[in-house]
Amino acid sequence: MIQHHPDESLLLEYSAGNLDTAQALCLRLHLDVCSRCRCQVDMLDSVGAMLLQEEKSSALSNDLFDRILTRIETLPEDEPKPKVTTDPLRKLVGDLNALPWKRQLVNVSVYDLSEQFPDQPGQVVLQKISAGGKAPVHTHRGTETTVVVQGGFTDNRGVFEAGDFVVLGQQDVHKPIALHGEDCVTLSILSAPVRLTGPLGRLLNPFIR
Amino acid sequence: MASARDTNARQEGCKDPWSKLLERVGQQRDREAYRSLYEHFGPQIKYYALSNGMAHHAEELVQEVMISVWRRACLYDWRKAAASTWIFTIARNQRIDMLRKMQRSSAEMAVETEDLWQIPGDNENEPVTALHRILAERRVRESLRSLPEEQVTVLAKVYMESKSHQMVADELQIPLGTVKSRVRLALNKLKVILRDQAV
Ligand SMILES: [Zn+2]
């Protein structure tokens, strides 16, 4: 059961098509499992359609339709088929367990995806906390947008499971503990490097990027 | 199952004229229907491109959208989205796709636009919700007309000019919080926010 949703302004920017690709991916992964937000996006899409109709229009060149018809003639006959939802993250990285995870701390590994999202400011990472493991206490200098991809974690805000979506700001101290049974994998966009705040933090900070 | 048939008939009656035209394109490859759709939506899409700062590619966007409409029309399901909504999502995706391709070669596009922004009905597993959708859309349309100007302006800048809330705030010289509250008020009025409803 999805408990944590993106706020309405993010859903609006998604529907309007104004998000960077990594943000859109986080939203898409949430929407895949959240019928409530999907329903909201459907309605937002109809808001977009109505604004499109209410706004002005611009005259088209006289020969544009003929040019379009000409192109249609040359289209291959293959009909597009409805897609059964393919998980865009699995399509991008394949099997999560087979990734070359980089161990960062005892319970924490990361896999950096930033290169795949050149338009996305900040860092795009998959983070893995081993089942039942604690991640160190940390805060964020910027914001962190996170969607749970596998397993789950708890922190002072509650329980987060697959599909749950959370945006953490600078004031949030984050102390996640992975749920038992399965490693917890999250997809996150970090607008600035994570800062460790626990007693070990000062020691480890220089080594964490 | 007389009652189910009645429901179907009632739902069929709700189908808007653009959806009927789109179905004719999809099922019969009807070029007259296609031309009517082009004449209605084409100028809107061109305006959409222009207001998005794509002056040099405005008709190119119209072309790409119309080609996509032709190719995908057989997948269109009126129960999942009104024709206008379906075409809006195609226009949005083509805009994003064109901008992404202008910025870099498509070979570098690790994730396809359509995997990030889906078109209604693309997902076969979606339940069919014709009446619910039609009623919700009607409500949205009616309440959009009664929104205060300042709220419509903010929504129009987000949708038609692809401006983030921050950019809207800068342009209108109002605080970000004001933009956000106008959005929230508008979406509440349109009943798009479902926070407290069971769905
Ligand atoms: Zn949700």
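Residues numbered from 1 in each chain as written. Chains lettered and ligands numbered in written order. Predicted model: local features only at pLDDT ≥ 70, side-chain atom pairs only at ≥ 80, totals over all residues. Heavy atoms only, no water.

1. Comments concerning the domain arrangement of chain B
Residue and element names in this part refer to chain B. When the domains of chain B are assigned, the result is domain 1 (14-127) and domain 2 (147-199). Spacing between the C-alpha centres of domain 1 and domain 2 amounts to 24 Å. The interface of domain 1 with domain 2 comprises six residues on the first partner and four residues on the second. When domain 1 packs against domain 2, close to 420 Å² is buried across both sides, 54% of that on carbon and sulfur atoms. Summed over the shared surface of domain 1 and domain 2, the result is zero salt bridges. Inspection of the domain 1/domain 2 interface yields four residue pairs in polar contact (both at pLDDT 80 or more). (Domains from an automatic or database assignment. Contact = heavy atoms within 4.5 Å. Buried area = accessible area lost by both parts, 1.4 Å probe. Salt bridge = Lys/Arg side-chain N within 4 Å of Asp/Glu carboxyl O. Polar contact = N/O pair within 3.5 Å; in protein donor to acceptor, adjacent residues only side chain to side chain.)

2. Digging into the domain arrangement of chain A
Residue and element names in this part refer to chain A. In terms of domains, chain A is made up of domain 1 (8-73) and domain 2 (87-207). Distance from the C-alpha centre of domain 1 to the C-alpha centre of domain 2: 30 Å. Each side of the interface is counted separately: domain 1 has 13 residues, and domain 2 has 17 residues. In total, domain 1 and domain 2 occlude about 1300 Å² of area from one another, counting both sides; carbon and sulfur atoms represent 75% of this.

3. Things to note about the coordination of the zinc ion
All names here are of chain A. Looking at the zinc ion, the protein donor atoms are His5 (ND1), His30 (NE2), Cys34 (SG) and Cys37 (SG), and they sit 2.0 to 2.3 Å from it. One can describe the site at the zinc ion as tetrahedral: its four donor atoms subtend angles covering 100 to 117° at the metal. Summarised as a motif, the one-chain spacing of the donors to the zinc ion is H-x24-H-x3-C-x2-C. Across the pair, exposure class does not vary: histidine 30 and cysteine 34 are buried alike. (Donors = N, O, S within 2.8 Å, 3.2 Å for Na, K, Ca; no water. Tetrahedral: all angles 85-135°; square planar, octahedral: opposite > 155°, others 65-115°. Buried < 20%, exposed > 50% of the residue type's maximum accessible area, 1.4 Å probe, protein only.)

4. As for the sheet that holds strand S6 (residues 152-155) of chain A
Consider a sheet: its strands pair through backbone hydrogen bonds, and that pairing is either parallel or antiparallel. Residue and element names in this part refer to chain A. If you trace the three strands from one edge of the open sheet to the other, you get S7-S6-S9, paired in antiparallel fashion. Since the sheet does not close on itself, it has two edges, and those belong to strand S7 (158-161) and strand S9 (177-178), each with one partner. As judged from the two bridges shared by S6 and S9, these two strands associate in the antiparallel manner. Residue pairing across strands places phenylalanine 153 opposite alanine 178, the latter belonging to S9. (Pairing = 2+ DSSP bridges. Helix = DSSP H or I, 4+ residues; strand = E, 2+ residues; numbered from the N terminus.)

5. Describing the environment of A:Gln40
All names here are of chain A. Along the polypeptide, glutamine 40 turns up in helix H3 (residues 35-54). Judged by its relative accessible area of 1%, glutamine 40 is buried. Through-space distance from the C-alpha of glutamine 40 to that of alanine 162 is 20 Å; in sequence the pair is 122 residues apart.

6. A word on the nonpolar core
Residues A:Leu113, A:Leu126, A:Leu187, B:Tyr34, B:Trp86, B:Leu155 and B:Leu190 are the most contacted members of the largest nonpolar core, which totals 105 residues. A per-element tally of this core places H3(A) first, with ten residues. Ignoring sequence-local partners within four residues, the contact set of B:Leu190 consists of A:Val47, B:Arg139, B:Val140, B:Ser143, B:Leu144, B:Leu147 and B:Leu155. (Core = buried A, V, L, I, M, F, W, Y, C linked by side-chain atoms within 4.5 Å.)

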